[in-house]
Structure formats: structure tokens, C-alpha cells
Amino acid sequence: VQLQASGGGLVQAGGSLRLSCAASGGTFSGYGVGWFRQAPGKEREFVAAIRWSGGNTYYGDSVKGRFTISKDNAKNTVTLQMNSLKPEDTAVYYCAAGRPIASTVRDVVSYYYWGQGTLVTVSS
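A brief report on the enclosed structure follows. (Residues numbered from 1 in each chain as written. Predicted model: local features only at pLDDT ≥ 70, side-chain atom pairs only at ≥ 80, totals over all residues. Heavy atoms only, no water.)

## Side note on the sheet that holds strand β1 (residues 2-6)
Backbone hydrogen bonds hold the strands of a sheet together, and the pairing may be parallel or antiparallel.
Right, on to step 1. Pairing is antiparallel across the open sheet formed by four strands, whose spatial order is β1-β3-β8-β7. Every other strand in the sheet has two partners, leaving β1 and β7 (67-72) as the edge strands with one partner each. Strand-to-strand twist across the sheet, computed as the mean angle between neighbouring axes with direction ignored, equals 15°.
Right, on to step 2. Two elements, β7 and strand β8 (residues 77-82), share six bridges in a ladder whose sense is antiparallel. In the strand pairing of β8, Ser 70 is matched with Thr 79. (Pairing = 2+ DSSP bridges. Helix = DSSP H or I, 4+ residues; strand = E, 2+ residues; numbered from the N terminus. Axes fitted to C-alpha atoms, helices over the stretch in contact; angles between N-to-C directions.)

See below:
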């Protein structure tokens, strides 16, 4: 499965962006799909994840209430709607697919397909 992340860009603090993750060469069926981000000099951080079967969602503490992850079965895509963006949200955002269980959904090592990343810059 190959993943393509898109939708990054430059936005002012308080604004919104929508990221998309599309799968090719396969489908998301049976996978968990997550978004992670990595700022310069920092470790990759869990943002959000969704189970393709059942639709359970998970969020990192820093984005709860501001970001929403969703899926489109017909388009085989996962979307991350980011609202009330803050300068500290600035990072390269990666989508990933794997088969995590609930206790490992936030772990980078639970995912084995990764997209190329899309840059989100939030200006103050």
C-alpha cells in the first residue's frame, strides 16, 4: 500500500487546514490509519488515528477538540480537519497505516506504511 498525503500549507494562527491521505496499490480495509507530525529537532508525535473497520478514533492530547479525523470508504481516503491552529502545530505531517491495537495506536512502530509527509506552517 502506498500512501499520499496532501493539503499542507501556510495558515495564520486560528485558521484551518484539511489534510488528506489517499491509498494506492491497496485499500485501507482492515487497517488503522494514523497521522503523526514531526517538528524540527523533535521526535515524531502522534496526532490522530482511525480504525477503518468500526471507525473508532483516537487523538493526541495536544489536538483534542481542535482536530477531527474521518474516513471516506468510497474514496479510500482519510482526512484530518485541523481547526484553531496554533504556531506549535507547525510540523511535517505524515499519514501512516498499520494494524495497531488500542493500546499501541499512538506508537510509531505500530505503523508500517508511511506517506511522504506534507508541511503545515502556522504563523503567529
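The structure having been displayed, the exposition proceeds.
## Regarding the packing of aromatic side chains
Right, on to step 1. Per the counting criterion, the structure on display carries nine aromatic pairs.
Right, on to step 2. With centroids separated by 5.2 Å and ring planes inclined at 45°, the aromatic side chains of Phe 28 and Trp 52 adopt a geometry described as tilted. Pair noted here: Phe 28 is in the loop between β3 (17-24) and β4 (32-38) and Trp 52 is in the loop between β5 (45-51) and β6 (57-59), with a separation of 24 residues, a long-range link.
Right, on to step 3. A relative accessible area of 0% places Phe 28 in the buried class.
Right, on to step 4. The exposure class assigned to Trp 52 is buried, which follows from its relative accessible area of 10%.
Right, on to step 5. Plain terms: the ring middles of Tyr 31 and Tyr 112 are 6.4 Å apart, the flat faces sit at 70° to each other, and that makes the pair edge-to-face. Here Tyr 112 lies in strand β10 (residues 111-114) and Tyr 31 lies in the loop between β3 and β4, a separation of 81 residues in the sequence.
Right, on to step 6. Tyr 112 gets classed as partly exposed once you look at its relative accessible area, which sits at 44%. (Phe/Tyr/Trp six-rings, centres within 6.5 Å; stacked < 30°, edge-to-face > 60°. Buried < 20%, exposed > 50% of the residue type's maximum accessible area, 1.4 Å probe, protein only.)

## Focus: the state of the cysteines
Right, on to step 1. Under the defined criterion, the tally for this structure stands at one disulfide.
Right, on to step 2. The disulfide that involves Cys 21 links it to Cys 95, with 2.2 Å between the sulfurs. Sign of the S-S torsion, about 70° for the bond between Cys 21 and Cys 95, identifies this disulfide as right-handed. Taken together, the positions of Cys 21 in strand β3 and Cys 95 in strand β9 (residues 91-98) put the pair 74 residues apart, joining distant regions of the chain.
Right, on to step 3. Overall, Cys 21 belongs to the buried group, its relative accessible area being 0%.
Right, on to step 4. Residue classification places Cys 95 among the buried positions, given a relative accessible area of 0%. (Disulfide = S-S within 2.5 Å.)

## Some remarks on the nonpolar core
Right, on to step 1. With 30 residues, the main nonpolar core has Phe 28, Trp 35, Val 78, Leu 80, Met 82 and Tyr 93 as its most contacted residues.
Right, on to step 2. Among the secondary structure elements, those contributing two or more residues to this core are β1, β3, β4, β5, β7, β8, β9 and β11 (118-123).
Right, on to step 3. Residue contacts for Met 82: discarding those within four places in its chain leaves Gly 15, Ser 16, Leu 17, Leu 19, Arg 66, Phe 67, Tyr 93 and Val 120.
Right, on to step 4. If you look at the next biggest cluster of nonpolar residues, it comprises seven residues, including Ala 49, Tyr 58, Val 105 and Tyr 111. (Core = buried A, V, L, I, M, F, W, Y, C linked by side-chain atoms within 4.5 Å. Contact = heavy atoms within 4.5 Å.)

## Here we look at the pattern of salt bridges
Right, on to step 1. Tallied over the entire structure, the rule returns four salt bridges.
Right, on to step 2. In this structure, the salt-bridge partner of Lys 64 is Asp 61, at a minimum N-O distance of 3.4 Å.
Right, on to step 3. Overlapping salt bridges bring together Arg 37, Glu 45, Arg 66 and Asp 89 as one network. (Salt bridge = Lys/Arg side-chain N within 4 Å of Asp/Glu carboxyl O.)

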